[in-house]
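# Geometric and topological summary
Okay, here's what each chain looks like letter by letter:
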Amino acid sequence: MQTGIQPISAGRRVKDRAVQVLVYLAFAVAVIPLLSVLWLVVKNGLKRFDVEFLTHSMRNIGARDAGGGAYHAIIGTLEQVLLASLVAVPIGLLTAVYLVEYGNGGRLSRIISFFVDVMTGVPSVVSGLFVLAFWVLVLGMSFSGFAGALALSILMMPVVVRSAEEMLRLVPNELREASYALGVPKWRTIVKVVLPTAFTGIVTGVMLAVARVAGETAPLLLTVFITDSINTDPFHGPQMGLPLYVFDQAGRPTDTAIDRAWAGALTLILIVMLLNLVARLITWWRSPAKRGS
């Protein structure tokens, strides 16, 4: 009695094995440089990664002095990324909602999609130049952490829009239609059904945007300026950031400054990893399986 199932030929097995080997090789080619960079940063950064480094600034510390830390830069980075997120996330999310729920492929939605694609490929230095020209030179505002946050928000917006748009498109239309059948208005359906369903994916996209801008140096160099003092007010005066701190210390011709630069890079990586861990915990807490248990 024949079952109709044909045995796999030797040639197909060879091809399948060859493709698997190529996939593993491609994975190794992509991972090995990443692991080597991570190992290099950890190895060199641990030399100065201590309590003093995390709790002291560079005020009154010379280039050859062994002390000093990145406390002022850590505060600046956290405040600048937070302000950039407060600006970019609502705008990007509302744009994605319009493109998916209201655009319907119209002319305006096509124009918006085109400019979002253009913004995705804009170099980071261009956003810094734009904020410098408009915010600082035209409006006469001073260099500040908020000016840097504006430049970072420009880089965050297209990432938030595209990631949120894809997540919203994955929401089944049956959920929307069921809500409409119950007489629920469209805006309430979006708020109560669509957004909660796509919440975990949206959070992941936001964290990708945060990771995209957390290490940017050029926009901050043009808008925030460099300072060795602690400035907890992002709206007034120059404010340091970890990317600027690494850039500044790496440019000094002393081993102590180079060690501080490596420690600053390690601190930046740890902050991004911590933020991603928090996002994972939020998505796990808001997952349907967790809420249903």
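Residues numbered from 1 in each chain as written. Predicted model: local features only at pLDDT ≥ 70, side-chain atom pairs only at ≥ 80, totals over all residues. Heavy atoms only, no water.

### Notes on the overall build of the chain
Heads up, the condition is: A run of H or I in DSSP counts as a helix once it spans at least four residues, and a run of E counts as a strand once it spans at least two, with each numbered from the N terminus. To get the radius of gyration, use the C-alpha atoms; to get the globule rule, take the number of residues to the power 0.38 and multiply by 2.2 Å. Think of it in three bands: with a 1.4 Å probe and only protein chains considered, a residue is buried below 20% of the maximum accessible area for its type, exposed above 50%, and partly exposed in between. In this description, contact between two residues means that some pair of their heavy atoms is separated by no more than 4.5 Å. For the accessible areas, the method is Shrake-Rupley and the probe is 1.4 Å, while residue cover comes only from the protein chains on display. We treat Lys and Arg as the positive residues and Asp and Glu as the negative residues; His and chain ends play no part in the count. All charge positions are set by atom: Lys at NZ, Arg at CZ, Asp at CG, Glu at CD.
Across its full length, the chain carries 13 helices and zero strands. Each helix and strand of the chain, placed in order from N terminus to C terminus, yields the pattern α-α-α-α-α-α-α-α-α-α-α-α-α. Taken against the 2.2 N^0.38 rule, which gives 19 Å for 293 residues, the C-alpha radius of gyration of the chain at 24 Å runs more than 25% over that of a compact globule. Projected onto its principal axes, the C-alpha coordinates of the chain cover approximately 85 × 55 × 40 Å. Counting across all 293 residues of the chain, residues that qualify as buried make up 38%. Partitioning the contacts of the chain with sequence separation of at least 6, the portion at a separation of at least 24 is 72%. Summed over its atoms, the accessible surface of the chain is roughly 16,900 Å², and 70% of this surface lies on carbon and sulfur atoms. Once the 24 positive and 17 negative side-chain charges of the chain are each reduced to a mean point, those two points are 10 Å apart.

### Regarding the nonpolar core
Note that soluble globular proteins tend to have their nonpolar side chains buried in a common cluster. Here is the rule we go by: Nine residue types can take part in a nonpolar core, namely buried Ala, Val, Leu, Ile, Met, Phe, Trp, Tyr and Cys, and a core is a set of them joined through side-chain atoms within 4.5 Å.
The biggest cluster of nonpolar side chains holds 50 residues, and the ones touching the most others in it are Trp135, Met156, Leu168, Leu242 and Tyr245. Taken together, the elements giving at least two residues each to this core come down to helix H3 (71-102), helix H5 (124-138), helix H6 (145-169), helix H8 (186-197), helix H9 (199-214), helix H11 (242-250) and helix H12 (255-285). Residue contributions to this core peak at 12 residues, all from H6. Apart from residues no more than four positions distant in its own chain, Trp135 is found in contact with Phe130, Gly140, Met141, Ser142, Phe146, Ala147 and Leu150.

### Observations regarding the pattern of salt bridges
The cut-off we apply is this: Note on definitions: salt bridges are taken to be side-chain nitrogens of Lys or Arg within 4 Å of carboxyl oxygens of Asp or Glu.
As enumerated under the stated definition, the model contains seven salt bridges in all. The salt bridge partner of Glu165 is Arg169, with a shortest N-O separation of 2.9 Å. Here Arg169 and Glu165 lie together in helix H6, a separation of four residues that amounts to about one turn. Under the relative-accessibility criterion, Glu165 is labelled buried at 5%. The class of Arg169 is partly exposed, set by a relative accessible area of 48%. For Arg252, the salt bridge identified is with Asp248, shortest N-O distance 3.0 Å. Exposure remark for Asp248: the relative accessible area of 17% places this residue in the buried category. Each of Asp117, Arg162, Glu165 and Arg169 takes part in salt bridges that share partners, so that together they form one network.

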